[in-house]
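# Coordinate inspection notes
Residue strings, one per chain:
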Amino acid sequence: MRADSYRRLSKLLMLLLMLVGSNSSIAETTNLSAAPNQNNRPTDTILIAVASNFANVMPDIVSRFETQYGHTVRLSFGSSGKLFAQIRNGAPFQAFFSADQDKPEALVKAHLAPADSRFTYALGVLALWSKEAGVVDPQGQILVQRQYRTLALANPRFAPYGVAAMEVLQRFNVQRQSNIKWVMGENIAQTFQFIATGNADLGFVALSQIYKDGKIQRGSGWIIPNHLHSPISQDAVILRKGKDSQAIKAFMGFMKTDTARAIMRSYGYQQAIE
């Protein structure tokens, strides 16, 4: 009887061990099926150079893209001219979003970017802005009256928005009279900071820096009509370091979607006619 009892106990222990192993396998299988990226798409980290006028907008677009595709996007902001120089000197960017068309075109001609990757992603809008309410009138007559101490604008040598600002001053025939009051920013982001911190009374900014969902968020501003300056056509291009990246290609495609375009419009950008 004792031997039979031992045999029955041994069988019971073996059965329990089998059940534990089976449950462990089920648990492992469940964990695997619940893992992220369950469609097994490869993910990548990509590095993109972006003109500073787009600094408010691009993070919103990137957030949507990363959620949908699983890739990680790292952004580097600066003036288009400075970023262009860095790319020419071997910076490891894989795509470039410029504030103009000239620099992406030059990169194509220099064989630093494939020609078929270039496209116009947005049309920029210029604004005259003060952080104080009631300072900038809806027609921009303050430029003619010159009732201000300092006027900020981006350096036209590096920033296309600075070029547009110069053209507006020329249209109002006040370029020479106003230049003693200029505060020159290296890029449009620095120009905005001069005004926002009170170091300049008013100045020319990208509309996207002060505008969201149909209105200027604070202070007073004049949205400058497009006919007062050359179009601010903003082109993007895949760079040589990113031409084989599927993640870069996916991102550039995402920029043409209704989702990305809706975000751009919410910040005041216009879309190019395709």
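Description of the structure in this document.

Reading the values: rules and limits
Residues numbered from 1 in each chain as written. Predicted model: local features only at pLDDT ≥ 70, side-chain atom pairs only at ≥ 80, totals over all residues. Heavy atoms only, no water. Pairing = 2+ DSSP bridges. Helix = DSSP H or I, 4+ residues; strand = E, 2+ residues; numbered from the N terminus. Axes fitted to C-alpha atoms, helices over the stretch in contact; angles between N-to-C directions. Contact = heavy atoms within 4.5 Å. Parallel < 35°, antiparallel > 145°, perpendicular 65-115°, else oblique. Left-handed = near helix turned anticlockwise from the far one by under 90°. Phe/Tyr/Trp six-rings, centres within 6.5 Å; stacked < 30°, edge-to-face > 60°. Buried < 20%, exposed > 50% of the residue type's maximum accessible area, 1.4 Å probe, protein only. Lys NZ or Arg CZ within 6 Å of the ring centre and 35° of its normal.

## Some words on the sheet that holds strand β7 (residues 182–185)
Spatially, 5 strands are ordered β7-β6-β8-β5-β11 in an open sheet, and the strand pairing comes out mixed. The open sheet is flanked by β7 and β11 (220–223), the only strands paired with a single partner. Within the sheet, the average angular offset between the axes of one strand and its neighbour, ignoring direction, is 25°. The pairing of strand β6 (residues 151–154) with β7 spans 4 bridges and is classified as parallel. In the sheet register, Ala-152 faces β7, and the bridge partner there is Val-183. Strands in contact with helix α8 (residues 188–196) are β5 (126–130), β6, β7 and β8 (202–206); relative to β8, the strand with the most contacts, it is inclined by about 145°.

## Details of the side chain of Asn-155
For Asn-155, the location among the structural elements is in the loop between β6 and α6 (160–171). Those residues in contact with Asn-155, other than ones at most four positions away along the chain, are Met-184, Gly-185 and Glu-186.

## Here we look at the packing of helix α3 (residues 80–88) against helix α4 (residues 102–109)
At their nearest, the axes of α3 and α4 sit 10 Å apart, and the two run at 10° to each other. It follows from the interaxial angle that α3 and α4 lie roughly parallel. You can see that α3 and α4 cross each other, and the crossing is right-handed. Seen from α3, the contacting residues are Ser-80, Gly-81, Phe-84, Ile-87 and Arg-88; seen from α4, they are Lys-103, Ala-106 and Leu-107.

## Observations regarding the packing of aromatic side chains
For the structure shown, the criterion picks out 10 aromatic pairs. Ring centres 5.1 Å apart and planes at 65° place the aromatic pair Phe-54 and Tyr-269 in the edge-to-face group. Taken together, the residues Phe-54 in the loop between β1 (45–51) and α2 (58–69) and Tyr-269 in the segment after α10 (258–266) connect sequence positions 215 residues apart. Of the two residues examined, Phe-54 and Tyr-269, each falls in the buried class. Connected via pairs of aromatic rings, a cluster forms that spans Phe-54, Phe-65, Tyr-69, Phe-97, Tyr-121, Phe-251, Phe-254 and Tyr-269. One residue, Lys-82, lies across the ring of Phe-158, its end atom 5.0 Å from the ring centre.

## Digging into α10
Among the residues of α10, those classed as buried are Ala-260, Arg-261, Ile-263, Met-264 and Ser-266. Buried residues belonging to α10 abut α2, β4 (119–124), β9 (211–212) and α9 (246–254). One or two residues past the end of α10 sits Gly-268, with phi positive at roughly 95°.

## Comments concerning the environment of Leu-83
Relative to the assigned elements, Leu-83 resides in helix α3. Residues Leu-83 and Phe-158 lie 75 residues apart in sequence; the distance between their C-alpha atoms is 9.4 Å. What Leu-83 contacts, discounting residues up to four positions off in sequence, is Ala-49, Val-50, Ala-51, Ser-76, Phe-77, Gly-78, Phe-93 and Phe-96.

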